[in-house]
Amino acid sequence: MASEPAGDQEHAELAQEQRLIEEAQHGNLDAMRPILERYAQPLYGTVILPRLGDTASAEEVLRDTLATAVEKIKRFTWQGKSIYPWLRQIAINKVYDVHRQSKRSRRLADAMVHEIPVESDPTTHADAQLMADQERRAHRERIDDTMGALQDRYRLAIELRLVQELSREECAKRLGVTIGTFDVLLFRAVRAFRKQFGERNEEAKEPS
Amino acid sequence: MANEDDYLTNPVPDPDDDATPSERAHAKTFAELVDKTLSGRVPPAMSADDRALLEVATVIRAASGNVQLAPGKQRSLVEDALRQAIGGPQSSLPGVTPIEKARRRWVPWSVAGGSMVIAAAAILMMWLRTAPVEKPSMPTAWMSRPSDPLIGPIARERAGDASARIDYIFADRMDGYRERRLSRGGKR
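Please read these numbers as outputs of a predicted model, since none were measured by experiment.

Comments concerning the overall build of chain B
Step number 1: Each helix and strand counted, chain B has 7 helices and 0 strands in total.
Step number 2: Reading chain B from its N end, one meets helices and strands in the order α-α-α-α-α-α-α.
Step number 3: With 188 residues in all, chain B has 24% of them scored as buried.
Step number 4: The contacts of chain B with a sequence gap of at least 6 include a subset with a gap of at least 24, amounting to 26%.
Step number 5: When the accessible surface of chain B is split by element, carbon and sulfur atoms take 59% of a total near 13,100 Å².

This is the structure in structure tokens:
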């Protein structure tokens, strides 16, 4: 039974998480450190940054999220599940705050702040990771969905430059154009993506 | 033509459409911003349009799993968050105070109370120093004083008689001067 050791490990991790939270609730702030370090990356990469699109703001929101978690740890009630969904909800609330404060009316911001439902029930740390993976996949599907509605050359420009992260020279070479023309192509591609993404989000929000 | 450069709301041309010089310039600026972002150097200043488009690029990259938090940055953010939670200065120094110790509410209150006591003592000292000291009485004519009681309200039709009023005040002051000079043989 290969799954048994993995299950044991998951339970051990969950027990450790519970012990750390209890320690923090009894006043040992440093006990929160391993938990924050464990979940900082999934919160940043799958919850905050995809909803803000700005790395500096995302880092700030992550720090505020973690700080709020520490401040309010006494209010957290252990229910035999990972703390990750609680942290995720704090992060989403912070993202909403940022959008409200900056009064962003941009379609993309509206679209990205839109809640992505996550079905997983994070009873363990592994499931919390699964939850983050699911959320990443959901974001990716929305991006792919929008990419599918773009013209081929725009889709290719975004794929080469932003997904594969090839250099401008390499992208231009692969598309058989000059660097200047590739710059224009990418510029238009991102504009087209933005419009398409916002429009699809509006359609999704309309009642059927 | 005012909205020609409004790249966020204008329709997007087809890939093979010719670009205007203005669009080429914008595209080059955006390409350089993307370059910097990909190398982890997000420029702090840019136009709102460029920022909006760069956010799109970052969202696409984030969804592709291309944007990771550097381990050093993560440690620093966790450390800052722990410090922020206890109300201390944000820095990456190790050693965080336990939450109970940090949340002793009396510390800020005692600092504030101490400051208030010091401020009150300073005000009291200033008041004592500036409190009216009993001065030897002296004739009114020897002191600086307003001339309003001397002149009284100036009627509109007498408004132009400023010279007469000045002469009157001068004469009054001279009276005081003479009184002071001539009393006690010119000595106070």
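Examining the interface of chain A and chain B
Step number 1: Contacts between chain A and chain B engage 60 residues on the former and 62 residues on the latter.
Step number 2: When the two sides are added together, the surface that chain A and chain B hide from each other amounts to roughly 5,600 Å², 62% of it contributed by carbon and sulfur.
Step number 3: At the junction of chain A and chain B, the tally comes to 9 salt bridges.
Step number 4: We note a salt bridge from Arg168 of chain A to Asp35 of chain B, for which the minimum N-O separation is 3.2 Å.

Regarding the layout of surface pockets
Step number 1: Approximately 300 Å³ is the volume found for the largest pocket.
Step number 2: For the largest pocket, the lining is made up of 19 residues, of which Thr55, Ala56 and Glu59 of chain A together with Gly40 and Val42 of chain B are closest to its centre.
Step number 3: Mapped by element, the contributors of at least two residues to the lining of the largest pocket are α3 (55–71) of chain A together with α1 (21–38) and α2 (48–63) of chain B.
Step number 4: When residues of the lining of the largest pocket are assigned to their parent elements, the largest contribution, 3 residues, is made by α3 of chain A.
Step number 5: Of the residues belonging to the lining of the largest pocket, the class tally is 9 nonpolar, 5 polar and 5 charged.

Examining empty space enclosed by the protein
Step number 1: Going through the model one piece at a time under the given rule, you end up with 1 cavity of 30 Å³ or more.
Step number 2: Approximately 70 Å³ is the volume found for the largest cavity.
Step number 3: As for the largest cavity, its lining consists of Gly53, Asp54 and Thr55 of chain A together with Thr37, Val42, Met46, Arg51, Leu54, Glu55 and Thr58 of chain B.
Step number 4: At 4 residues, α2 of chain B tops the list of elements feeding residues into the lining of the largest cavity.

Regarding the nonpolar core
Step number 1: Membership of the largest hydrophobic core comes to 45 residues, with the highest contact counts inside it found for Leu43, Ile48 and Leu62 of chain A.
Step number 2: Counting only elements with at least two residues in this core, the list comes to α1 (3–25), α2 (32–52), α3, α4 (84–102) and α6 (125–148) of chain A together with α3 (71–86) of chain B.
Step number 3: Among the elements that take part in this core, α2 of chain A stands out by supplying 11 residues, more than any other.
Step number 4: Residue contacts for Leu62 of chain A: discarding those within four places in its chain leaves Ala40, Leu43, Tyr44 and Ile48 of chain A together with Leu69 and Leu77 of chain B.
Step number 5: Listed in part, the 38 residues of the second largest apolar core include Ala189 and Phe197 of chain A together with Leu8 and Met46 of chain B.

Some thoughts on the environment of Thr181 of chain A
Step number 1: With respect to the secondary-structure elements, Thr181 of chain A resides in helix α9 (residues 179–205).
Step number 2: In this structure the side chain of Thr181 of chain A is engaged in a polar contact, spanning 2.8 Å, whose partner is the side chain of Thr178 of chain A.

Things to note about the pattern of salt bridges
Step number 1: Tallied over the entire structure, the rule returns 25 salt bridges over all chains.
Step number 2: Note that Arg51 of chain A is salt-bridged to Glu135 of chain A, the shortest N-O span being 3.1 Å. Taken as a pair, Arg51 of chain A in helix α2 and Glu135 of chain A in helix α6 lie far apart in primary sequence, 84 residues in all. Each member of the pair, Arg51 of chain A as well as Glu135 of chain A, carries the same accessibility label: buried.
Step number 3: For Lys28 of chain B, the salt bridge goes to Glu32 of chain B, with nearest N and O atoms at 2.9 Å. Note that Lys28 of chain B and Glu32 of chain B are positioned in helix α1 at a spacing of 4 residues, about one turn of the helix.
Step number 4: Lys28 of chain B sits in the partly exposed class, given a relative accessible area of 45%.

Parameters at a glance
Residues numbered from 1 in each chain as written. Chains lettered and ligands numbered in written order. Predicted model: local features only at pLDDT ≥ 70, side-chain atom pairs only at ≥ 80, totals over all residues. Heavy atoms only, no water. Helix = DSSP H or I, 4+ residues; strand = E, 2+ residues; numbered from the N terminus. Buried < 20%, exposed > 50% of the residue type's maximum accessible area, 1.4 Å probe, protein only. Contact = heavy atoms within 4.5 Å. Areas by Shrake-Rupley, 256 points an atom, 1.4 Å probe, with all protein chains shown as cover. Buried area = accessible area lost by both parts, 1.4 Å probe. Salt bridge = Lys/Arg side-chain N within 4 Å of Asp/Glu carboxyl O. 1 Å grid on protein atoms, 1.4 Å probe; cavity = no way out; pocket = protein on both sides within 12 Å on 5 of 7 lines; lining within 4 Å. Points joined across faces, edges and corners; volume = space filled by probe spheres on them. Nonpolar A, V, L, I, M, F, W, Y, C, P; charged D, E, K, R; others polar. Core = buried A, V, L, I, M, F, W, Y, C linked by side-chain atoms within 4.5 Å. Polar contact = N/O pair within 3.5 Å; in protein donor to acceptor, adjacent residues only side chain to side chain.

In short, geometric facts, not functional conclusions.
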